[in-house]
Amino acid sequence: MPPPGPAGRKSTTREPIIQESEASEPEATRRDADVTESSRANRGWWDRNADEYQVEHGTFLGDDRFVWGPEGLDEVEAELLGPPEELKGRDVLEIGAGAAQCSRWLTAQGARPVALDISHRQLQHALRIGGSFPLVCADAGALPFADGSFDLACSAYGALPFVADPRLVLREVRRVLLPGGRLVFSVTHPIRWAFPDEPGPEGLSVSGSYFDRTPYVEQDDEGRAVYVEHHRTLGDRVRDVVASGFRLVDLVEPEWPAWNTSEWGGWSPLRGNLIPGTAIFVCERD
């Protein structure tokens, strides 16, 4: 599930039901937010905003493509999970699946995916589009699967940008992977946190410290978090991977392709040609 507010040429086939939006805009701030508050806030945010998200980005995402980020890097070309012909018969966990576009693509390759998301409303969109694979509504920090249940795990902007303790999620993923199993996940490139989240020229000047790890929080009038995103430096991400029992195989920073003229929040051709927007970590379970 690429960032709120990556990529495909095929539009969704059925229009989602639009929910009513919130009455007032939340206040944006930087403050601490623990595991429980982050999980509760982001479950609510994705439930409230799933309809708008799918309407706005459904065409870019498609129904059954596997795209790693707003740049449009496609798994067909990247083969970060391995050659497509080797996916047949593999059990794959998609974390933060959204409408499960990636799981649909995996099914077409002969894999056996399970699409997991914290948001019930996002999974309703997965049902709307259709598919023969299981859908599971659960927190990535407490995966409801037995040890060694999967050969592979993947997450396109799912869970990890939004959790207060990424190692908790990574250790859970390691637990449910078979020895030697591969995890590939994409997140906002850490360098982006030093720049304003703007697609135009105003988003090209450093406005804050790259080393400030204070979470970005949107909160209601009573100070309750309604959206939380957590920053980790590139070094933090590498240390999280290694400390959680994985070996880092590759770190991919997709370049912005000439064909992609889309803007997605702070992602744009202008910024994408100058600074990286996505970091993809390719890991293997020790």
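The shown structure was predicted, so the numbers you read here are calculated from the model rather than taken from an experiment.

Asks: Explain a nonpolar patch on the surface residue by residue, including any values.
Replies: Together, Leu204, Leu270 and Leu274 give the surface a local cluster of nonpolar side chains, amounting to about 250 Å² of exposed area. Look at Leu204 and you get partly exposed, because its relative accessible area is 30%.

Asks: How would you summarise the sheet that holds strand β10 (residues 278-285) if you had to cite specific residues and measurements?
Replies: Across the sheet, which stays open at both edges, the seven strands sit in the order β4-β3-β2-β5-β6-β10-β9 with mixed pairing between neighbours. Only two strands of the sheet have a single neighbouring strand rather than two, namely β4 (135-137) and β9 (246-252). Averaged over neighbouring strand pairs, the angle between their axes works out to 20° when direction is ignored. Direction of pairing for strand β6 (residues 177-188) relative to β10: antiparallel, over a ladder of seven bridges. Each residue of the ladder has a partner; that of Leu183, found in β10, is Cys283. In this fold helix α6 (residues 234-243) packs onto β6, β9 and β10, with an angle of close to 145° to the strand it touches most, β9.

Asks: Can you lay out the pairing of strand β8 (residues 225-229) for me, pointing to particular residues and giving the numbers?
Replies: Of all five residues making up β8, five are buried, and the element is well covered by its neighbours. Two strands pair when backbone bridges link them, and strand β7 (residues 216-219) and β8 are joined in this way by four bridges, in the antiparallel orientation. Looking across to β8, one finds that Tyr216 is bridged to Glu229. In this structure, the hairpin formed by β7 and β8 is closed by a connection of five residues, where Gly223 is found at a positive phi of approximately 80°.

Asks: Account for empty space enclosed by the protein, with residues named and values stated.
Replies: For the second largest cavity, the calculated volume is near 60 Å³. In this structure, the second largest cavity is lined by Pro161, Val187, Thr188, Pro190, Trp193, Glu229, His230, His231, Arg232 and Arg237. When the residues that make up the lining of the second largest cavity are grouped by side-chain class, the tally is four nonpolar, three polar and three charged.

Asks: Can you lay out helix α4 (residues 120-129) for me, pointing to particular residues and giving the numbers?
Replies: α4 sits mainly inside the fold: seven of its 10 residues count as buried. Next to the buried residues of α4 lie α1 (35-61), α3 (101-108), β3 (112-117) and β4. The backbone nitrogen of Arg121 has a side-chain oxygen 3.4 Å away, supplied by the residue at the start of α4, namely Ser119. Just downstream of α4, Gly130 is the residue with a positive phi angle, here 105°.

What counts and what doesn't
- Residues numbered from 1 in each chain as written.
- Predicted model: local features only at pLDDT ≥ 70, side-chain atom pairs only at ≥ 80, totals over all residues.
- Heavy atoms only, no water.
- Patch = residues over 30% accessible without salt bridge, like charges linked within 9 Å, V, L, I, M, F, W, Y side chains within 5 Å.
- Areas by Shrake-Rupley, 256 points an atom, 1.4 Å probe, with all protein chains shown as cover.
- Salt bridge = Lys/Arg side-chain N within 4 Å of Asp/Glu carboxyl O.
- Buried < 20%, exposed > 50% of the residue type's maximum accessible area, 1.4 Å probe, protein only.
- Pairing = 2+ DSSP bridges.
- Helix = DSSP H or I, 4+ residues; strand = E, 2+ residues; numbered from the N terminus.
- Axes fitted to C-alpha atoms, helices over the stretch in contact; angles between N-to-C directions.
- Contact = heavy atoms within 4.5 Å.
- 1 Å grid on protein atoms, 1.4 Å probe; cavity = no way out; pocket = protein on both sides within 12 Å on 5 of 7 lines; lining within 4 Å.
- Points joined across faces, edges and corners; volume = space filled by probe spheres on them.
- Nonpolar A, V, L, I, M, F, W, Y, C, P; charged D, E, K, R; others polar.
- Polar contact = N/O pair within 3.5 Å; in protein donor to acceptor, adjacent residues only side chain to side chain.

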